[in-house]
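# Structural overview for review
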Amino acid sequence: QVQLVESGGGLVQAGGSLRLSCAASGRTFSTYAMGWFRQAPGKERGFVASIIWSGASTFYADSVKGRFTISRDNAKNTVYLQMNSLTPDDTAVYYCAATTRIGSVVHGTQYEYWGQGTQVTVSS
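Here is a short report on the structure shown in this document.

So, how was this worked out
- Residues numbered from 1 in each chain as written.
- Predicted model: local features only at pLDDT ≥ 70, side-chain atom pairs only at ≥ 80, totals over all residues.
- Heavy atoms only, no water.
- Core = buried A, V, L, I, M, F, W, Y, C linked by side-chain atoms within 4.5 Å.
- Buried < 20%, exposed > 50% of the residue type's maximum accessible area, 1.4 Å probe, protein only.
- Helix = DSSP H or I, 4+ residues; strand = E, 2+ residues; numbered from the N terminus.
- Contact = heavy atoms within 4.5 Å.
- Polar contact = N/O pair within 3.5 Å; in protein donor to acceptor, adjacent residues only side chain to side chain.
- Phe/Tyr/Trp six-rings, centres within 6.5 Å; stacked < 30°, edge-to-face > 60°.
- Disulfide = S-S within 2.5 Å.

## Some words on the nonpolar core
Within the largest apolar cluster, 35 residues are counted, with the highest numbers of intra-cluster contacts made by L4, M34, W36, V79, L81, M83 and Y94. Within the residue set of this core, elements represented by two or more residues are β1 (2-7), β3 (18-26), β4 (33-39), β5 (46-52), β7 (68-73), β8 (78-83), β9 (92-99) and β11 (118-123). Other than its neighbours up to four places away in sequence, M34 contacts L4, C22, A24, S50, I51, W53, I70, V79, C96, A97, A98 and Y111.

## Re the side chain of R38
Secondary-structure assignment places R38 in strand β4. A residue is classified by how much of its surface remains accessible, and R38, at 14% relative accessible area, is buried. At 2.9 Å, the side chain of R38 forms a polar contact with the side chain of D90. Those residues in contact with R38 that lie beyond four places of it in its chain are E44, R45, G46, V48, S63, V64, F68, D89, D90, A92, V93 and Y94.

## Considerations on the packing of aromatic side chains
Where two aromatic rings form a pair, the distance of their centres and the angle of their planes describe that pair. Under the counting rule described, the total for this entry stands at four aromatic pairs. Here F37 and W114 contribute two aromatic rings whose centre-to-centre distance is 5.1 Å and whose plane-to-plane angle is 55 degrees, an arrangement assigned as tilted. Of the two residues, F37 sits in strand β4 while W114 sits in strand β10 (residues 113-114), which places them 77 residues apart along the sequence. The class for W114 is partly exposed, based on a relative accessible area of 26%. Here a set of aromatic residues connected by ring pairs shows up, and it is made of F37, F47, Y111 and W114.

## A look at the state of the cysteines
All told, the structure shown has one disulfide when counted by the stated rule. Each disulfide pairs two cysteine sulfurs, and for C22 the partner residue is C96, the sulfurs being separated by 2.0 Å. With the S-S bond torsion at -80 degrees, the cross-link from C22 to C96 turns out left-handed. With C22 in strand β3 and C96 in strand β9, this pair connects stretches of sequence that are 74 residues apart. For the pair C22 and C96, a shared accessibility class is recorded, and that class is buried.

Written out as structure tokens, the structure reads:
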């Protein structure tokens, strides 16, 4: 019912920046929150950032606080992840997710819809 399309991934040197975009389509009017998760090779998927759609309250993993910013564009039904001061530890496949469920927005199990993922590679 909700489709998510991500873009913006790529290769960047340490200290650089990238901005990821996630455009939502379909039945988006009941969206409660959208978030970003990432999964590095051999690692479990982890929370990065999320935003409550109506009030734009944001949440961040400790590892990205001060470096990453999540934001939204209501008119475009799009969420962004601005990533600055990137390090090789940020290398992962980044996934956009959306949920209609009220609850925790820092756990992947709470999200119903997922994008295809976009690769972010940070070189040293």
